[in-house]
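Each chain, letter by letter, is given below.
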Amino acid sequence: MAIPDPLQITRREVLIAGAATAASSVPGAAGAQQAQQPEVPVSTQVSLEVNGTPRTLELDTRTSLLDTLREHMHLTGTKKGCDQGQCGACTVLVNGRRVVSCLSLAVMNEGAKVITIEGLGTPKNLHPMQAAFIRHDGYQCGYCTPGQICSAVGALDEIRRGVPSHVSADITAQPLVSSAELRERMSGNICRCGAYSNIQDAIAEVAGGKA
């Protein structure tokens, strides 16, 4: 009779040993996952002047300026479009300069003066740009219009301050209110209805000329 080799291991025994090893390692992995505590959101006070009114809010430090205006201050004129800074629907004026508010954290704007479409004018006292958009039918569905108007106001201010654009032929000269300049400066604001020519006419009227 053959004597069994004590060092000989069958395939069945190898599989059993492997399964036992895997099973014994699972509790350790689960324990490690349980040991990781979820990240606790950090909140802080943020003070802004919005449309001339001082506001102080307790906000999660990850809150965008857009969500601060819409969700915490209920200023829903500022629209959430792409939420990636590509469409311009959320454009507001921060310290006089146009900003896509979806890409700016509220905490980054501590102490800033923010103007939204609600702060530019009222139905009874329209801002000249708002009135020009109405006269020239610079909108159709109107969703992008608040951002277009805020951006247009900021763009004309840039021209008045002599800030050159990509199409400015001479960066040391005063930019002109030309068709090329307006198209370039407003290129970050998308109008899916395609009212671009009317928007350009409205901006040119406020600038005091015809582009």
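Refer to the preceding data block for the structure.
Engineer: So what about the side chain of Thr 91? Which residues, and what values?
Structural biologist: Position of Thr 91 relative to the elements: it lies in strand β3 (residues 91-94). A relative accessible area of 5% means that Thr 91 is categorised as buried. At a separation of 2.7 Å, a polar atom in the side chain of Thr 91 contacts the main-chain carbonyl oxygen of Gly 88. The contact partners of Thr 91, leaving out residues within four places of it in the chain, are Arg 98, Val 99, Val 100, Pro 146, Gly 147, Cys 150, Ser 151 and Asn 189.

Engineer: Got a sec to walk through the sheet that holds β3? Specific residues and values, please.
Structural biologist: On the basis of which strands lie adjacent, the open sheet formed by 5 strands has the order β2-β1-β5-β3-β4 and mixed pairing. Sheet topology places β2 (53-60) and β4 (97-100) at the edges, where each strand pairs with a single neighbour. Ignoring which end each strand starts from, the neighbouring axes of this sheet average 40 degrees apart. Pairing of β3 with strand β5 (residues 113-115), which is carried by 2 bridges, proceeds in the antiparallel orientation. Each residue of the ladder has a partner; that of Leu 93, found in β5, is Ile 115. Where helix α2 (residues 65-72) meets the sheet, its contacts fall on β1 (43-50), β2, β3 and β5, and the angle it forms with β2 comes to roughly 105 degrees. This element, helix α5 (residues 145-160), spans β3 and β4 of the sheet and lies at about 40 degrees to β3.

Engineer: Report on the nonpolar core, specifying residues and quantitative values.
Structural biologist: Counting residues in hydrophobic clusters, the biggest one holds 22 residues, and the most contacted among them are Leu 120, Met 129, Phe 133, Ile 149, Leu 156, Leu 182 and Ile 203. Contributions of two or more residues to this core are made by α3 (117-120), α4 (128-135), α5 and α7 (196-207). With 7 residues, α5 is the largest single contributor of residues to this core. When sequence neighbours within four positions are dropped, the list of residues in contact with Met 129 reads Ile 149, Ala 152, Val 153, Leu 156, Ala 202, Ile 203 and Val 206. Counting residues in hydrophobic clusters, the runner-up holds 14 residues, among them Val 46, Val 50, Leu 65 and Val 114.

Engineer: Would you mind going over α4 in detail, with residue names and values included?
Structural biologist: An α-helix turns once every 3.6 residues. As a result, residues three or four positions apart point the same way. Met 129, Gln 130, Ala 131, Ala 132 and Phe 133 are the residues of α4 that are buried. Within two residues after α4, Asp 137 carries a phi angle of roughly 50 degrees, on the positive side.

Engineer: Pulling in residues and values, what's your account of the packing of α4 against α5?
Structural biologist: One way to put it is that α4 packs onto α5 with a least axis distance of 10 Å and a crossing angle of 125 degrees. The orientation of α4 with respect to α5, classified from their angle, is oblique. For the element pair α4 and α5, the recorded crossing hand is right-handed. Contacts between α4 and α5 pair Met 129, Gln 130 and Phe 133 from the former with Thr 145, Gln 148, Ile 149, Ala 152, Val 153 and Leu 156 from the latter.

Engineer: Can you lay out the layout of surface pockets for me, pointing to particular residues and giving the numbers?
Structural biologist: Here the largest pocket defines a volume of roughly 180 Å³. Residue lining of the largest pocket: Lys 79, Ile 117, Leu 126, Gln 130, Phe 133, Ile 134, Tyr 139, Gly 142, Thr 145, Pro 146 and Ile 149, and that is the complete set. For the lining of the largest pocket, the secondary-structure elements that each account for two or more residues are α4 and α5. Of the residues assigned to the lining of the largest pocket, the class counts are 7 nonpolar, 3 polar and 1 charged.

Engineer: Hey, could you go over the pairing of β4 for me, with residue numbers and the actual values?
Structural biologist: Relative to β4, β3 runs antiparallel, the two sharing 4 bridges. Across the sheet, the residue bridging to Thr 91 is Val 100, located in β4.

Engineer: Quick rundown of α2? Include the residues and the values.
Structural biologist: Restricting attention to buried positions, one finds in α2 the residues Leu 65, Leu 66, Thr 68, Leu 69 and Arg 70. Tucked into the core, α2 has its buried residues touching β1, β2, β3 and β5. Remark: His 74 follows α2 within two positions and exhibits a positive phi of approximately 60 degrees.

Engineer: Any chance you could break down the environment of Gly 147 for me, citing the residues and the numbers?
Structural biologist: Note on placement: Gly 147 falls in helix α5. For Gly 147, a relative accessible area of 0% corresponds to the buried category. Residues Gly 147 and Ile 117, spaced 30 residues apart in sequence, show a C-alpha to C-alpha distance of 7.7 Å. Discounting chain neighbours no more than four positions away, the residues touching Gly 147 are Gly 88, Ala 89, Thr 91 and Asn 189.

Rules of the game
- Residues numbered from 1 in each chain as written.
- Predicted model: local features only at pLDDT ≥ 70, side-chain atom pairs only at ≥ 80, totals over all residues.
- Heavy atoms only, no water.
- Helix = DSSP H or I, 4+ residues; strand = E, 2+ residues; numbered from the N terminus.
- Buried < 20%, exposed > 50% of the residue type's maximum accessible area, 1.4 Å probe, protein only.
- Polar contact = N/O pair within 3.5 Å; in protein donor to acceptor, adjacent residues only side chain to side chain.
- Contact = heavy atoms within 4.5 Å.
- Pairing = 2+ DSSP bridges.
- Axes fitted to C-alpha atoms, helices over the stretch in contact; angles between N-to-C directions.
- Core = buried A, V, L, I, M, F, W, Y, C linked by side-chain atoms within 4.5 Å.
- Parallel < 35°, antiparallel > 145°, perpendicular 65-115°, else oblique.
- Left-handed = near helix turned anticlockwise from the far one by under 90°.
- 1 Å grid on protein atoms, 1.4 Å probe; cavity = no way out; pocket = protein on both sides within 12 Å on 5 of 7 lines; lining within 4 Å.
- Points joined across faces, edges and corners; volume = space filled by probe spheres on them.
- Nonpolar A, V, L, I, M, F, W, Y, C, P; charged D, E, K, R; others polar.

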